[in-house]
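Single-letter residue listing:
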Amino acid sequence: MLHRLLESRLQAAVAAVLPDADPALVRVRPCPEPRFGDYQSNALMSLAKARGQNPRTLAAAVVGKLDVHDLSHLVEVAGPGFLNFHLRPEALAAALQAAARGEHLFFRPASVPRTVVVDFSSPNVAKPMHVGHIRSTILGDCLARVLRLLGHRVITDNHLGDWGTQFGKLIVGWKRHRDDAALARDPVGEMERLYRLVNQACERDPAVLEAARQELVKLQQGDPENRAIWQRMLELSREQFDAIYRRLGVRFDHTLGESFYNPRLRAVVEELVARGIARESDGAQVVFFEEDPELKAHPAIIQKSDGAANYATTDLATLAHRLETWHPDEIIYVTDARQQLHFKQIFAIFRRWHPEARIVLAHVWFGSILGPDGKPFKTRAGDTIKLADLLDEAEERAFRLVTEKNPALPEAERRAIARQVGLGAVKYQDLLPNRQSDYVFDWDKMLALSGNTAPYLQYAHTRIRSIFRKLAETGESWDLRAAAPLLQPADPAERTLARHLLYFGHTLEAVATEYRPNYLCNYLYELAGHFSDFYEACPVLRETGATRTRRLALCELTARVLQTGLHALGIETPERM
Ligand code: ARG
């Protein structure tokens, strides 16, 4: 797209002036302040700084070598050394026309597709999925969608917590206290009850604790009865997780889970010891990070003194497996902020283990969801809120909203719309804040039809669709392709809208490289705003001839970008609301 074209021209000019400069540092982005231009680069300032040169002088020299006359009629050196590009109307029109002909939707698939593993959601077996897992699920799914849209090969892997010491207690509970009726009604709820019961008993009674320990050892040694119980708990949990994923429209290519790596753990430890990366300390095998100021005080245990492996061992084995199986260029782990140290350790150990590997390892972490009181989001009784209940409530509230707006629609249709609006609202509220900050869960705000919300964007989309329904009612035929030659923005509101459409590709790329879906949320919100200004200033169906055709084409392109963008966020777009 245009930012890429300008970027490659600018890189050529920079290479002519500074042959040693790294072209990857020369980037062009939409101008954050539209009145200064359409695209901007701040690359020359840092290049000049690194060389002790005057940035404006360097900028002037680069502009002297720059050949962008076909795209930009004016390149200004601004402020301390920004370059501002003003697009030629013909360049803007050419991009719109190509989009109308179906050649692109303002983004291009990556020229070199990458293989990216996204490790997300990853709830724990025998525990209900709670709001804490919602962010991982929603963020991870969105990143996977955006990467796919950009043409990358994406592999999603749900790293279920399906192994660990909790199974000793769970098996004791299962054998001694299981209530089959409750298990049939709410399997995960019953398993949670069993765990709590035995956990409390363990605190009072050392005999129960010892029983749990023995059941765990039996499970680990492959005792058939305990394996079968564990297997059953796994199946029951997966059924409930899968029901939520279906509801949310989230799918995984793989759900290997921690237990999958058990056969490999010993070899990982042995290899790290043999290579001198791990060493014995108080009976445990430990990796020390003496050279690393940040990790120096945080050695990582990869085998406990009782010989057991742990979460870190499993993640190292998982990495090795992914590397051999999928040869990824990048692995993205989406978890809450509390796991930062864990992933820093894993990544540091991996770099020593495979110094030759060029893979990008990213821990994409996020903050908490807070209740209205600013404390972690809980029910009135202080329990964690279950995801399924939360989604039910979202749909119910959205149903009331849709009914209020559109009481005449048949109930089944209102229900269907409410599902899309309710789930969309929950997802969007989660994707909109900077992922690293906490946010307050707020029903009224997320479901508002005005403001930066999913319902607002879905509504904006339905408004455009209704223009085309009206058009169809008149019996007039409409063909975006045929309209392409007329796409030459005339009115300022048309131009502002068109220019923003062009920025879609840059936004998607920024989401993928910085793992920040909020960029896409804000882009779409601005798009809806520009559309509404355009629609106010520029009548569409009341016009005739070329003006009508041109404006209809802008409407349709906007609807397509809104729809594609919302789908990349995992949000559906109803035809009416
Ligand atoms: N099951 C873990 C939890 O709920 C998250 C796993 C994240 N992925 C990983 N490869 N460690 O905290």
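Here the structure is a predicted model, which is why all the values come from computation and not from measurement.

Colleague: In this structure, what is going on with the site of the ligand? I would like to understand it.
Modeller: Close to the ligand lie D119, S122, N124, H133, H159, Y311, D315, Y333, T335, Q339 and F343. Between a nitrogen atom of the ligand and a side-chain N or O atom of Y311, the distance comes to 2.7 Å. At 2.9 Å, a side-chain N or O of Q339 approaches an oxygen atom of the ligand. Calculation on the ligand without its partners gives an accessible area of 350 Å², and the protein chains cover 88% of this total. Listing elements by their share of the shell around the ligand, those giving two or more residues are helix 12 (311-326) and strand 10 (330-336). Per-class residue counts for the shell around the ligand are 3 nonpolar, 6 polar and 2 charged.

Colleague: What exactly am I supposed to notice about the pairing of strand 10 here?
Modeller: Note on strand geometry: in a regular strand, side chains alternate between the two faces of the sheet. Within strand 10, 7 of the 7 residues are buried, which leaves it mostly tucked inside the rest of the structure. Pairing of strand 5 (residues 115-119) with strand 10, which is carried by 4 bridges, proceeds in the parallel orientation. When the sheet's bridge partners are listed, D119 is paired in strand 10 with Y333. Of the pairings in the sheet, the one linking strand 10 to strand 11 (residues 360-366) comprises 7 bridges and is parallel in character. Across the sheet, T335 pairs through a bridge with W365, a residue of strand 11. What joins strand 10 to strand 11 is helix 13 (residues 340-353), and the crossover it makes is right-handed.

Colleague: Can you help me understand the nonpolar core in this one?
Modeller: Generally speaking, a soluble globular protein has its nonpolar side chains buried in company with each other. In terms of nonpolar packing, the biggest core is built from 148 residues, with F106, L390, L520 and L569 touching the most fellow members. It is helix 22 (residues 545-568) that provides the largest number of residues to this core, a total of 10 residues. Judged by nonpolar contacts, the second largest core, of 32 residues, contains V268, V287, Y333 and F347.

Colleague: Teacher, can you tell me more about the sheet that holds strand 1 (residues 29-30) here?
Modeller: Pairing between the strands of a sheet is mediated by backbone hydrogen bonds and can be parallel or antiparallel. The strand order across the open sheet built from 4 strands is 1-2-4-3, with neighbouring strands paired in antiparallel fashion. The open sheet terminates on both sides in strands that have one partner only, identified here as strand 1 and strand 3 (72-78).

Colleague: So what exactly am I meant to see when it comes to the packing of aromatic side chains here?
Modeller: One pair of aromatic rings is described through two measures. These are the centre distance and the angle between the planes. A complete count under the given rule lists 16 aromatic pairs for this structure. Residues Y39 and Y503 carry aromatic rings whose centres are separated by 5.4 Å and whose planes lie at 80° to one another, so their mutual orientation is edge-to-face. Separated by 464 residues along the polypeptide, Y39 in strand 2 (residues 39-41) and Y503 in the loop between helix 19 (492-502) and helix 20 (504-514) bring together distant segments of the chain. Looking at Y503, the relative accessible area reads 8%, which means it is buried. Judged by centre distance (5.5 Å) and plane angle (50°), the ring pair of F531 and F534 falls under tilted. Remark: F534 and F531 occur in helix 21 (residues 518-537); sequence separation between them is 3 residues, near one turn of the helix. Its relative accessible area of 4% is what places F531 among the buried residues. Here the aromatic residues F107, F504 and Y523 are joined through ring pairs into a cluster of three or more.

Colleague: When you look at unusual backbone geometry in this model, what are you seeing that I'm missing?
Modeller: Trans peptide bonds make up most of the peptide bonds, and negative phi angles are found at most residues other than glycine. Even without being a glycine, S122 presents a positive backbone phi close to 45°. Although it is not a glycine, D282 adopts a positive phi angle of roughly 50°. Its location among the elements puts D282 in the loop between strand 7 (279-281) and strand 8 (284-287).

Colleague: Looking at this structure, I do not really get helix 13. What am I missing?
Modeller: The α-helix winds at 3.6 residues per turn, so residues separated by three or four positions along the chain end up facing the same way. Taking 1.5 Å per residue as the helical rise, helix 13 with its 14 residues ought to reach 20 Å, and the 20 Å between its terminal C-alpha atoms agrees with that figure. Those residues of helix 13 that are buried are in contact with helix 11 (262-274), strand 8, strand 9 (300-303), helix 12, strand 10 and strand 11.

Colleague: Help me understand the pattern of salt bridges, please; the structure alone is not making it clear to me.
Modeller: Side chains carrying opposite charge are able to pair once their charged atoms draw close together. In total, this model carries 43 salt bridges according to the counting rule given. In this structure, E330 engages R114 in a salt bridge whose closest nitrogen and oxygen atoms are separated by 2.8 Å. Here R114 lies in the loop between helix 4 (89-100) and strand 5 and E330 lies in strand 10, a separation of 216 residues in the sequence. Looking at E330, the relative accessible area reads 7%, which means it is buried. Under the relative-accessibility criterion, R114 is labelled partly exposed at 30%. Here E395 ties to R247 by a salt bridge, and the two come within 3.1 Å at their closest N and O atoms.

Criteria and thresholds
Residues numbered from 1 in each chain as written. Predicted model: local features only at pLDDT ≥ 70, side-chain atom pairs only at ≥ 80, totals over all residues. Heavy atoms only, no water. Near = heavy atom within 4 Å. Polar contact = N/O pair within 3.5 Å; in protein donor to acceptor, adjacent residues only side chain to side chain. Areas by Shrake-Rupley, 256 points an atom, 1.4 Å probe, with all protein chains shown as cover. Helix = DSSP H or I, 4+ residues; strand = E, 2+ residues; numbered from the N terminus. Nonpolar A, V, L, I, M, F, W, Y, C, P; charged D, E, K, R; others polar. Buried < 20%, exposed > 50% of the residue type's maximum accessible area, 1.4 Å probe, protein only. Pairing = 2+ DSSP bridges. Right-handed = clockwise from strand over helix to strand, strands pointing away. Core = buried A, V, L, I, M, F, W, Y, C linked by side-chain atoms within 4.5 Å. Phe/Tyr/Trp six-rings, centres within 6.5 Å; stacked < 30°, edge-to-face > 60°. Expected span 1.5 Å × (residues − 1). Contact = heavy atoms within 4.5 Å. Salt bridge = Lys/Arg side-chain N within 4 Å of Asp/Glu carboxyl O.

Shape is all these values report; function is a separate question.
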